[in-house]
Amino acid sequence: MSAAASPRVRPVLFWTALSALLLATLLASLAAGRYAVPLQHVATILAAPVLDVAPRWTPTEELVVRTIRLPRLLMAGLAGAGLALCGAVLQGIFRNPLVGPQTIGISSGAALGGVTAILLLGFGLPVAIGVFLGAIAALLAVLAIHDGKGPSAVLTLVLAGVVVSAFCGALVGFATYIADPETKLPGLVFWLMGSFAAATWPKLQLLALCTLPAGGVLLAMRWRINLLSLGDEEARTLGVHPARDRLILLGAVCLIVAAQVAVSGAIGWVGLVIPNLCRLVLGADHRRLLPASALLGASFLMLADTFARSLTAAEIPVGIVTAIVGTPVFAGLLRRAASARGRA
Amino acid sequence: MIAAEAAGHWYRPGQWLFRDLSFRVRPGGILAVLGPNGRGKTTLLRGICGTLRLREGRLRLGGPVGYVPQAQQADIGYLAIDMVLLGRSRFLGRFDAPRATDLARAEACLDEVGLTAIAGQRYDRLSGGQRQLVLLARALATDCTAMVLDEPASALDLANQGIMLRLLQRLALERGLAILFTTHDPDHALGIADQTLLMLDAGAHVVGPTGEAVTEDSLARLYAVPVHRMAWRKDGEHGETVVPLHGLRGGRAAGPVRPRAAPPGRAPPASRHR
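All chains use their own residue numbering, which begins from 1 and follows the written sequence. Chain A is the first chain written and ligand 1 is the first ligand written, with later ones labelled in order. Local features in this predicted model are restricted to residues whose pLDDT is 70 or higher, and side-chain atom pairs enter the listing and the counts only when it is 80 or higher, whereas totals over whole chains, interfaces and linings include all residues.

### Concerning the overall build of chain A
The helix count covers DSSP runs of H or I at least four residues long, the strand count covers runs of E at least two residues long, and both are numbered beginning at the N terminus. Tallying secondary structure elements over chain A gives 14 helices and zero strands in all. The globule rule used here is 2.2 Å times the number of residues to the 0.38 power, and the radius of gyration it is set against is calculated over C-alpha atoms. For a compact globule of 344 residues, the expected C-alpha radius of gyration is about 20 Å, and chain A comes in at 21 Å, within 12% of that figure. Counting every position in chain A, which comprises 344 residues, the buried fraction comes to 48%. We call two residues in contact when the distance between their C-beta atoms, placed using the backbone, is within 7 Å. Taking the intrachain contacts of chain A between residues at least 6 apart in sequence as the baseline, contacts between residues at least 24 apart amount to 75%. Residues with at least 20 other C-beta atoms within 10 Å of their own are called buried, those with 12 or fewer are called exposed, and the rest are partly exposed. The C-beta atoms themselves are positioned from the backbone.

If you want it as structure tokens, here you go:
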């Protein structure tokens with residue numbers, strides 16, 4: 001048993017490293033940007049409500065850190081954790097490492113739902129509801145196309161996701177084409193691009209209200225996901241009926257993805273790449289894979305967002321950054337999977 | 001206990017895989033199921049496990065049934081001990097994780113099949129024989145009173161076949177499990193089974209004490225090849241074995257070589273293939 005192959009990386013060390021990475025990313029991202037804030041000022045601004053420290057920072061620094069960057073980073077972190085968690089869960093219950101919120105069509109369904117709501121009803125609460133319904137409809141459509149049997153079940157699931165995504169994408173294109181350029185179009189396009197730039201504390205509240213409980217359910221069911229990943233028939237011979245478990249898990253996944261799309265537009269690749277990276281290091285056991293994916297996903301999206309807003313004068317949509325980083329990593333994973341299959 | 005009363009099933013109307021099938025495996029008893037591919041062996045097992053509803057008849061079970069599938073699925077990256085732990089799922093709620101008592105039980109089950117040493121190794125890196133034994137340990141971890149195994153020895157080499165058969169014999173004897181297993185090798189039935197079921201074509205079958213059911217006539221009908229059953233004794237061990245007469249070395253061939261008729265109703269491909 002080679003050391004690299006062993007999934008038993010020393011656990012304490014590993015979790016400490018992941019948490020430290022998250023904290024370091026948060027602090028560094030609060031400090032970095034067009035308006036740089038010294039790191040110790042960031043730390044004292046954050047500590048001020050709890051500890052009694054003399055304010056040595058400028059009011060502008062406090063505004064930038066507390067009102068502008070903190071909600072934005074917390075949103076990115078929460079969205080990243082949620083997406084990576086969803087990816088890990090979907091990959092587990094569909095027994096397929098190529099599945100993520102985006103490949104399975106949930107993200108594009110959510111986008112279509114949001115666009116429809118904007119077009120017919122306007123912004124605000126209708127968007128959140130439309131996004132959730134769209135996510136569920138897309139998931140149901142993918143599951144209806146994919147029957148889960150036969151030797152190419154892995155492939156048909158991904159292809160069904162491609163088909164549903166393409167269909168939703170076409171309808172979103174149609175919606176932007178007919179949208180009123182005076183009143184609806186600018187807001188619609190801005191929302192579709194996906195960004196944390198418009199982050200506010202109320203948006204963060206909506207995201208947290210959906211992501212934290214649903215994420216808690218996913219994490220609590222992480223042992224059950226191990227069982228579901230063996231397949232329905234095997235789960236049933238072990239005395240568990242998987243249908244309701246899967247329904248709960250998929251509902252929670254839809255809620256998390258929908259909340260993320262509602263506040264920041266569709267962001268791809270996080271849910272696909274992060275769980276696969278964690279699986280390489282930790283092995284497939286979802287008891288470790290799920291919390292690790294959430295931690296790493298949060299760090300990753302915070303970092304991606306920081307790059308998105310500080311690389312150029314104008315902001316790059318964060319989805320572009322995640323795609324630029326995510327696609328090569330995923331291509332590498334694909335090659336690895338292909339060569340592993342060739343050996344078997 | 002596993003008891004079938006007039007059990008029957010078909011996938012295509014009118015093409016019975018088996019019908020009027022009745023048997024009873026008492027605690028500590030072993031029933032071997034012989035039959036060519038596509039005769040409904042796995043279907044019968046799925047019926048007993050409750051993952052398939054048989055079209056006819058009744059199955060009575062004395063308690064939970066442990067199912068040991070064929071160890072084909074080799075892409076599971078869990079540790080062997082975690083695989084066995086999954087057998088405890090029946091006792092765990094939706095939001096529970098296995099407790100220390102579950103871990104102790106899983107370790108005991110892994111020990112029972114003699115694999116304590118590989119507990120920390122990944123399932124997908126084990127040999128076929130080890131995987132089969134891990135799945136057996138997982139079934140034991142469900143605290144079952146009966147166990148059904150789908151060709152537990154078919155993918156194993158001679159030594160591992162012996163390990164598997166001795167283990168089944170011991171589990172029946174010491175733990176009082178009622179065991180039902182399918183096999184392609186009549187010697188496995190003659191070796192450890194006190195009853196044998198032969199699934200003949202067109203839904204017919206023979207079932208009874210192994211010595212009476214596994215005869216030269218019934219095997220010849222089952223496999224469409226003449227066989228010779230004979231007793232052997234060596235170093236204090238004795239038994240009976242079956243030799244197929246293929247007409248390979250000087251013997252008179254059984255007749256012109258003709259392909260066997262296709263089985264009446266083929267089971268749809270299992271969903272576990274990827």
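### Comments concerning the overall build of chain B
Counting its secondary structure elements, chain B contains eight helices and eleven strands. Expected size for 274 residues packed as a compact globule is a radius of gyration near 19 Å; at 19 Å, chain B falls within 12% of this value. Put simply, chain B has 274 residues, and 41% of those count as buried. For chain B, contacts bridging at least 24 residues in sequence account for 67% of all contacts bridging at least 6.

### Thoughts on the sheet that holds strand β4 (residues 56–61) of chain B
Residues and elements named next belong to chain B. The rule for pairing is simple: two strands pair if DSSP sees at least two bridges between them. Reading across from one edge, β2-β1-β4 is the order of the three strands in this open sheet, with antiparallel pairing throughout. Looking at strand neighbours, the two that pair on one side only are β2 (15–25) and β4, the edges of this open sheet. Strand-to-strand twist in this sheet, taken as the mean axis angle between neighbours without regard to direction, amounts to 25°. The pairing of strand β1 (residues 2–12) with β4 spans five bridges and is antiparallel. Counted as the bridge partner of G8 is E56 from β4. All axes are obtained by fitting lines to C-alpha atoms, using only the stretch in contact for helices, and the reported angles, taken between N-to-C directions, cover 0 to 180 degrees.

### Details of the packing of helix α12 (residues 270–282) of chain A against helix α13 (residues 286–310) of chain A
Residues and elements named next belong to chain A. Axis separation between α12 and α13 bottoms out at 9 Å; the angle between their running directions is 130°. The angle between α12 and α13 falls in the class oblique. In this structure, α12 crosses over α13, and the sense of that crossing is right-handed. For the pair α12 and α13, the contacting residues are V270, I274, P275, L277, C278, R279 and L282 in the first and R288, L289, A292, S293, L296, G297, F300 and L301 in the second. Each residue gets one label: Ala, Val, Leu, Ile, Met, Phe, Trp, Tyr, Cys and Pro are nonpolar, Asp, Glu, Lys and Arg are charged, and the others, such as Gly, are polar. Considered class by class, the residues forming the contact of α12 with α13 number eleven nonpolar, two polar and two charged. Throughout this description, any angle smaller than 35 degrees is read as roughly parallel, any larger than 145 degrees as roughly antiparallel, any in the 65 to 115 degree range as roughly perpendicular, and the remainder as oblique. The hand of a helix crossing depends on one turn: near helix anticlockwise from the far one by less than a right angle means left-handed, and clockwise means right-handed.

### Brief notes about the domain arrangement of chain B
Residues and elements named next belong to chain B. According to the domain assignment, chain B contains domain 1 (1–63 + 145–274) and domain 2 (72–144). Listed as interface residues are eleven residues of domain 1 and, on the opposing side, eight residues of domain 2. Of all the elements in the fold, those that place two or more residues in the side of domain 1 that touches domain 2 are β6 (146–149) and α5 (158–175). When residues in the side of domain 1 that touches domain 2 are grouped by element, the largest group, three residues, is from α5. Taken together, the residues that form the side of domain 1 that touches domain 2 break down as seven nonpolar, three polar and one charged. Residue ranges for the domains originate in an automatic or database domain assignment.

### Some remarks on the environment of V25 of chain B
Its location among the elements puts V25 of chain B in strand β2. The spacing of V25 of chain B and L177 of chain B is 152 residues in sequence and 9.5 Å in space, taken between C-alpha atoms.

### Structural notes on the nonpolar core
As used here, a nonpolar core is made of buried Ala, Val, Leu, Ile, Met, Phe, Trp, Tyr and Cys residues. They are joined through C-beta atoms within 7 Å. Formed by 174 residues in total, the largest nonpolar core has its most connected members in A258 of chain A together with V84 and A137 of chain B. Counting residues domain by domain, this core receives three or more from each of domain 1 (1–63 + 145–274) and domain 2 (72–144) of chain B. Here A137 of chain B is in contact with V84, C109, L110, E112, V113 and L115 of chain B, once residues within four sequence places are set aside.

### Quick notes on helix α3 (residues 59–93) of chain A
All names here are of chain A. Taking 1.5 Å of rise per residue, the 35 residues of α3 would be expected to cover 51 Å, and the 49 Å separating its terminal C-alpha atoms lies within 8% of that figure. One fitted axis covers the seven residues ending at a residue, a second covers the seven starting there, and the bend at that residue is the angle between these axes. R69 marks the point of greatest bend in α3, at about 45°, and the proline P71 comes within the next four residues. The buried fraction of α3 amounts to 26 of the 35 residues, a majority that puts the element mostly inside the structure. Directly beyond the C-terminal end of α3, a positive phi value near 50° is found at R95. In a helix, the anticipated span is given by 1.5 Å times the number of residues less one.

### With respect to α5 of chain B
Residues and elements named next belong to chain B. With 18 residues, α5 extends 25 Å between its outermost C-alpha atoms, agreeing within 8% with the 26 Å of an ideal straight helix rising 1.5 Å per residue. All of the buried residues along α5 are Q161, M164, L165, L168, L171 and A172. Viewed along the axis of α5, the buried residues span an arc of 120°, placing them on a single side of the element. Looking at α5, the residues exposed on the side facing more than 90 degrees away from the buried face are A159, R166, L173 and E174. It is the directions from the helix axis to the C-beta atoms that the arc portrays.

### A word on the sheet that holds strand β3 (residues 30–34) of chain B
All names here are of chain B. Read across the open sheet, the six strands follow the order β5-β6-β7-β3-β8-β9; overall the sheet is mixed. Both edges of this open sheet fall to β5 (65–68) and β9 (205–209), since each of them pairs with a single strand only. With direction set aside, neighbouring strand axes in the sheet form an average angle of 15°. Bridge count between β3 and strand β7 (residues 178–183): five bridges; the pairing is parallel. Bridged to L31 within β7 is L180. On top of the sheet, helix α4 (residues 128–141) reaches β5 and β6; it is set at about 170° to β5, its chief contact. Against the sheet, α5 engages β3 and β7, with an angle of about 160° to β7.

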